[in-house]
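Here is what each chain is made of, one letter per residue.
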Number of protein chains: 2
Amino acid sequence: MKPGNPYNAQCPTRLILDRVGDKWAVLLLGLLRKEPMRFNALRRHIDGISQKMLSQTLKNLERDGLVKRHAIATVPVTVEYSITPLGMTLAKAVDPLRHWAETHLKDVQASQRRYDGSQKDAA
Amino acid sequence: MKPGNPYNAQCPTRLILDRVGDKWAVLLLGLLRKEPMRFNALRRHIDGISQKMLSQTLKNLERDGLVKRHAIATVPVTVEYSITPLGMTLAKAVDPLRHWAETHLKDVQASQRRYDGSQKDAA
DNA sequence: CGGGATCCGCATCGATACTG
DNA sequence: CAGTATCGATGCGGATCCCG
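Residues numbered from 1 in each chain as written. Chains lettered and ligands numbered in written order. Predicted model: local features only at pLDDT ≥ 70, side-chain atom pairs only at ≥ 80, totals over all residues. Heavy atoms only, no water.

Here's the deal with the relation of the copies chain B and chain A
Here is the rule: Here the copies were fitted onto each other by least squares, based on C-alpha atoms from residues at pLDDT of at least 70 in both. Here, residues are in contact when the closest pair of their heavy atoms is within 4.5 Å.
For the match of chain B to chain A, the screw axis carries a shift of 0.0 Å, the RMSD comes to 0.1 Å, and the turn is 180°. Taken together, the rotation angle and the small translation identify this as a two-fold axis. In terms of C-alpha distance to the rotation axis, chain B has Gly21(B) as its closest residue, with the C-alpha 2.1 Å off the axis. A share of 100% of the interface residues of chain B reappears at the interface of chain A, consistent with the copies meeting face to face through the same patch.

What follows is the structure in structure tokens.
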């Protein structure tokens, strides 16, 4: 990846897309958007997620300033995550995509079936 | 990944995000949005991409009905790719995200620096 | 409860070579 | 020119164990 590429990976959109493309990030943002949540609560709501990915994704989101972490020094530590104003604006920017997905998914899937059908006689 | 997860991976948004998160898909869509292009022209415009990934990404986009492939039977085969109306609508749905990226990237990066700075004394 | 550290399989991606 | 096929490295992501 030498420098000078017209459309290379360090454009802002690519950078953000990498975050948004993260398997769990948008899901987490979508949950926290509704209400703050604790670590294991998040874990239970998404339970296909491993604690490693949850922890890692939350850390990235926090690093990006999209999510805030509150640690309360109770007897067993209590940690609550909430979305930040910045995170809120991102969540809103993703909405059109969410909407597109819901309205056009069937078109995409129909196209996929057509494509797969026209390919299978090439056996 | 057992079934029954409240927010699991087969929601429409996740499905689309997987496509959009593809490293090159949005880039390609962005190029084809302006004008149809040939295989090697695309390759030259993005040249960090390998021909394998270009071919693969184009095939996926075509399968999803977002891009159309025209093969012209000239002496050396000529193939031109163009965006479809459906692909156009997706490209437009991505625009808010692109805009968010451009306006907030500096905030994100500032947050990252703050975060990294506050962490480094934990050595 | 809220994680960090480690091990490891599996999919992804790049490089190379070959084809029509 | 426009790809396909194969190989090998890399790294994401899951499982498990452990700690404050």
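Text resumes after the structure shown.
Thoughts on the confidence of the model for chain A
Residues and elements named next belong to chain A. Stated precisely, the cut-off is as follows: Confidence scores here are pLDDT values: one per residue, from the predictor, ranging 0 to 100. In DSSP terms, a helix is any run of H or I states spanning at least four residues, a strand is any run of E spanning at least two, and both are numbered starting from the N terminus.
Taken residue by residue, chain A gives an average pLDDT of 87. The fraction at 70 or more is 89%. Within chain A, the lowest mean pLDDT, 83, falls on helix H1 (residues 12-21), and the highest, 97, falls on strand S3 (residues 78-83). Confidence over residues 1-7 falls short of pLDDT 50; this stretch has eleven contacts with residues more than four positions distant or in other chains.

Topic: the interface of chain B and chain A
Definition in use: Defined here as a combined quantity, buried area equals the accessible surface (1.4 Å probe) lost by two parts on assembly, summed across both. Here a salt bridge means any side-chain nitrogen of Lys or Arg lying within 4 Å of a carboxyl oxygen belonging to Asp or Glu. Polar contact criterion, stated in full: a pair of N or O atoms within 3.5 Å, where within protein one must be able to donate a hydrogen and the other to accept it, and residues adjacent in sequence count only if both atoms are side-chain atoms.
Listed as interface residues are 50 residues of chain B and, on the opposing side, 50 residues of chain A. Taken together, both faces of the contact between chain B and chain A bury some 4700 Å²; the carbon and sulfur share is 68%. Our count for the contact surface shared by chain B and chain A stands at two salt bridges. Connecting chain B to chain A are 14 residue pairs in polar contact (both at pLDDT 80 or more).

Digging into the protein's contact with DNA strand C
Quick note on the threshold: Put simply, a residue is near a molecule or strand once any heavy atom of it comes within 4 Å of that molecule or strand.
As a structural note, the neighbourhood of DNA strand C is formed by 16 residues, with Ser55(A), Arg69(A), Tyr81(A), Lys52(B) and Met53(B) the closest of them. Near the protein, meaning within 4 Å, the atoms of DNA strand C are sugar or phosphate in a fraction of 58%, with bases accounting for the rest. Within the contact set of DNA strand C, a base oxygen lies 2.4 Å away from a side-chain nitrogen or oxygen of Lys52(B). Sorting the residues of the surface near DNA strand C by element identifies helix H3 (39-45), helix H4 (51-63) and S3 of chain A together with helix H4 (51-63) of chain B as the ones contributing at least two each. The dominant element in the surface near DNA strand C, judged by the number of residues it contributes, is H4(A), at four residues.

Focus: the nonpolar core
Defined as follows: Nonpolar cores are built from buried Ala, Val, Leu, Ile, Met, Phe, Trp, Tyr and Cys residues. Side-chain atoms within 4.5 Å join them into one set. Three labels apply to residues, based on accessible area from a 1.4 Å probe with only protein chains included: buried if under 20% of the type maximum, exposed if over 50%, partly exposed otherwise in between.
The biggest cluster of nonpolar side chains holds 67 residues, and the ones touching the most others in it are Leu42(A) and Leu42(B). It is helix H5 (residues 85-119) of chain B that provides the largest number of residues to this core, a total of ten residues.

Quick look at the packing of helix H5 (residues 85-119) of chain A against H4(B)
In a pair of packed helices, the angle between the axes and the distance between the axes together describe the arrangement. Just so we agree on the cut-off: Geometry is summarised by axes, namely lines fitted to C-alpha atoms with helices restricted to the contacting stretch, and by angles between N-to-C directions that run from 0 to 180 degrees. The scheme is simple: roughly parallel for angles under 35 degrees, roughly antiparallel for over 145, roughly perpendicular for 65 to 115, oblique for anything else. Note that Gly is not counted as nonpolar here; it falls among the polar residues with everything else outside the nonpolar set of Ala, Val, Leu, Ile, Met, Phe, Trp, Tyr, Cys and Pro and the charged set of Asp, Glu, Lys and Arg.
At a minimum axis separation of 8 Å, H5(A) and H4(B) run at an interaxial angle of 110°. Relative to H4(B), the element H5(A) is oriented roughly perpendicular. Where H5(A) abuts H4(B), its residues Val108(A), Ser111(A), Gln112(A), Tyr115(A) and Asp116(A) lie against Lys59(B), Glu62(B) and Arg63(B). Here the contact of H5(A) with H4(B) is composed, by residue class, of two nonpolar, two polar and four charged.

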